[in-house]
Amino acid sequence: MKPKKQNPDFLYLGKKLLNWYRINARNLPWRSTRNPYKIWISEIILQQTQVKQGLQHYLNFVQRFPNVETLANADTDEVLLYWKGLGYYSRALNLHKAAQQIITDFEGEFPQKYEEILKLKGVGKYTAAAIASICYHERKPAIDGNFYRVLSRLFADDYDISQAGAFQYFSELALQMMPYEACGDFNQAIMDLGAEVCKPKQPLCQLCPLAADCMAWQTGAMAQFPVKTKKVKATDLALQYYFVHFENRFLIRQRADDFIWKKLYEFPDAIPEDWLQFRQSSIVLKHKLTHKNLEITIDTIALPSEALLETLVKQYSYIIVDTEASHQKSFPKPLEAFIQQWEQRKNEG
DNA sequence: AATACGGGGAC
DNA sequence: GTCCCAGTATT
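Criteria and cut-off values
- Residues numbered from 1 in each chain as written.
- Chains lettered and ligands numbered in written order.
- Predicted model: local features only at pLDDT ≥ 70, side-chain atom pairs only at ≥ 80, totals over all residues.
- Heavy atoms only, no water.
- Near = heavy atom within 4 Å.
- Polar contact = N/O pair within 3.5 Å; in protein donor to acceptor, adjacent residues only side chain to side chain.
- Nonpolar A, V, L, I, M, F, W, Y, C, P; charged D, E, K, R; others polar.
- UniProt positions renumbered as here; feature names shortened; annotations may be inferred.
- Helix = DSSP H or I, 4+ residues; strand = E, 2+ residues; numbered from the N terminus.
- Phe/Tyr/Trp six-rings, centres within 6.5 Å; stacked < 30°, edge-to-face > 60°.
- Buried < 20%, exposed > 50% of the residue type's maximum accessible area, 1.4 Å probe, protein only.
- Axes fitted to C-alpha atoms, helices over the stretch in contact; angles between N-to-C directions.
- Parallel < 35°, antiparallel > 145°, perpendicular 65-115°, else oblique.
- Left-handed = near helix turned anticlockwise from the far one by under 90°.
- Contact = heavy atoms within 4.5 Å.

(A) Layout of the protein's contact with DNA strand C. Neighbouring DNA strand C are 27 residues; Glu 43, Leu 46, Gly 122, Gly 124 and Arg 149 lie closest to it. Within the side chain of Trp 30, an N or O atom sits 2.7 Å from a base nitrogen of DNA strand C. One of the side-chain N or O atoms of Asp 144 is found 2.8 Å from a sugar or linking oxygen in DNA strand C. Looking at the surface near DNA strand C, its residues break down into ten nonpolar, eight polar and nine charged.

Structural data, given as structure tokens:
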């Protein structure tokens with residue numbers, strides 16, 4: 001059931017949560033600033049990514065790209081290098097584009113209203129609300145997985161969060177609770193509560209400031225919320241690569257931006273047939289992505305001369321790198337691991 | 001409305 | 001193995 005007008009009891013819940021946050025807020029680097037650029041970077045990094053995983057990437061990223069201008073002027077490859085290992089690489093590409101968008105469309109000044117922030121590449125309703133509320137005190141609930149979980153449990157609400165209307169539904173619910181001041185803190189309070197107390201599994205209800213008000217807690221039904229019916233299944237995908245090297249130099253190429261591992265580097269998938277005589281070894285790697293089970297075959301080709309390496313560069317527009325230069329490129333996780341092992345074996349003899 | 005898009009962590 | 005994470009873009 002959807003609350004139709006402002007409910008004072010709901011507002012009281014919001015204040016209670018805010019008071020809890022004043023004491024229990026996590027000490028995170030992006031909490032000590034209202035610089036919209038840094039808040040933006042943190043929000044993009046933390047999309048579908050836990051704080052523990054994204055924290056070091058955030059620190060490295062804002063140190064190398066401290067403001068919109070440095071990011072806008074950077075090479076895409078370097079932006080991707082700082083994103084290496086984070087996943088969902090379109091986030092990095094969109095971040096780069098959006099920085100240039102701010103230069104060209106917003107005169108270099110970070111947009112200050114929800115509707116304007118929403119125009120940035122890679123910024124959706126959640127992120128725009130987070131930035132607008134934290135940096136500019138706009139009263140917009142930042143509806144994410146934490147909101148769905150906390151609110152559905154608090155009201156024992158079985159609205160299916162995988163339905164299209166869930167965002168709007170929980171936005172209206174959140175607006176009932178959201179204080180008229182400190183909107184950004186309220187959004188962050190829900191995030192902290194969801195991350196540290198109202199966790200997906202084994203929530204710590206005895207620590208929760210809203211336990212006395214929580215309808216799920218009253219019946220011990222925390223595990224039943226939120227309701228999510230959508231199911232995802234992984235599909236199989238086979239990839240075939242040739243690791244072609246002469247001594248410590250090898251061939252790579254850059255992927256397209258319309259499939260997995262957008263704009264990351266990989267090995268060749270085609271070589272002249274007569275090079276197969278130089279095959280040293282062949283290995284199969286199993287690698288699981290969220291929606292794909294990968295089977296990666298890598299044939300190692302040890303060329304007898306440097307000249308042969310050069311011929312393929314012209315023929316296929318591959319790139320030659322040595323081990324040191326390869327560290328300046330962003331590779332998918334399994335290929336990164338392969339290169340590391342190869343390096344290690346080479347150094348051992 | 002449905003699907004694609006990574007990698008890590010908890011259980 | 002399963003599920004989730006400070007979601008967005010595309011179709």
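(B) Up close: the UniProt feature "domain: HhH-GPD" (unreviewed entry) in chain A. Residues annotated in UniProt with the feature "domain: HhH-GPD" (unreviewed entry) correspond here to residues 45-196. Across residues 45-196 one finds 64% helix and 0% strand; the C-alpha atoms that close the span lie 19 Å apart.

(C) Examining the protein's contact with DNA strand B more closely. The full set close to DNA strand B counts 24 residues, and Ala 164, Phe 259, Trp 261, Thr 290 and Lys 292 are the nearest of them. Within 4 Å of the protein, the contacting atoms of DNA strand B are 57% sugar and phosphate, with bases supplying the remainder. In the environment of DNA strand B, a base nitrogen lies 3.1 Å from a nitrogen or oxygen atom belonging to the backbone of Gln 48. A distance of 2.6 Å separates a phosphate oxygen of DNA strand B from a polar atom in the backbone of Trp 261.

(D) Expanded view of the packing of aromatic side chains. The final tally for this structure, using the stated rule, is 23 aromatic pairs. Ring geometry for Phe 147 and Phe 186: centres 6.2 Å apart, planes at 65 degrees, overall edge-to-face. One end of the pair, Phe 147, is in helix α9 (residues 145-154); the other, Phe 186, is in helix α11 (residues 183-196), with 39 residues separating them in the sequence. Note on Phe 186: relative accessible area 0%, which makes it buried. Here Tyr 265 and Phe 331 contribute two aromatic rings whose centre-to-centre distance is 6.4 Å and whose plane-to-plane angle is 55 degrees, an arrangement assigned as tilted. With Tyr 265 in strand β3 (residues 265-266) and Phe 331 in the loop between α14 (323-326) and α15 (333-348), the pair connects residues that are 66 residues apart, well separated along the chain. When its relative accessible area of 4% is taken as the criterion, Tyr 265 is described as buried. Taken together, the ring pairs connect Tyr 241, Phe 243, Phe 250, Tyr 265, Phe 267, Phe 331, Phe 338 and Trp 342 into an aromatic cluster.

(E) Inspection of unusual backbone geometry at higher detail. With omega at -5 degrees, the peptide bond leading from Phe 225 into Pro 226 counts as cis. Secondary-structure assignment places Pro 226 in the loop between α12 (215-219) and β1 (235-246). In this model, Gln 202 sits at a positive phi of 45 degrees, which is unusual for a non-glycine residue. Structurally, Gln 202 is set in the loop between α11 and α12. Gln 202 sits in the exposed class, given a relative accessible area of 69%. With a phi angle near 50 degrees, Glu 247 is a residue other than glycine that sits in the positive phi range. Its location among the elements puts Glu 247 in the loop between β1 and β2 (249-254). Given a relative accessible area of 55%, Glu 247 falls into the exposed group.

(F) Structural detail: the packing of helix α5 (residues 76-83) against helix α6 (residues 90-105). Interaxial distance between α5 and α6 falls to 9 Å at its minimum, and their mutual angle equals 135 degrees. In terms of orientation, α5 lies oblique with respect to α6. Taken as a pair, α5 and α6 cross one another with a handedness that is right-handed. In contact with Thr 76, Val 79, Leu 80 and Trp 83 of α5, α6 contributes Arg 91, Ala 92, Leu 93, Leu 95 and His 96. Considered class by class, the residues forming the contact of α5 with α6 number six nonpolar, two polar and one charged.

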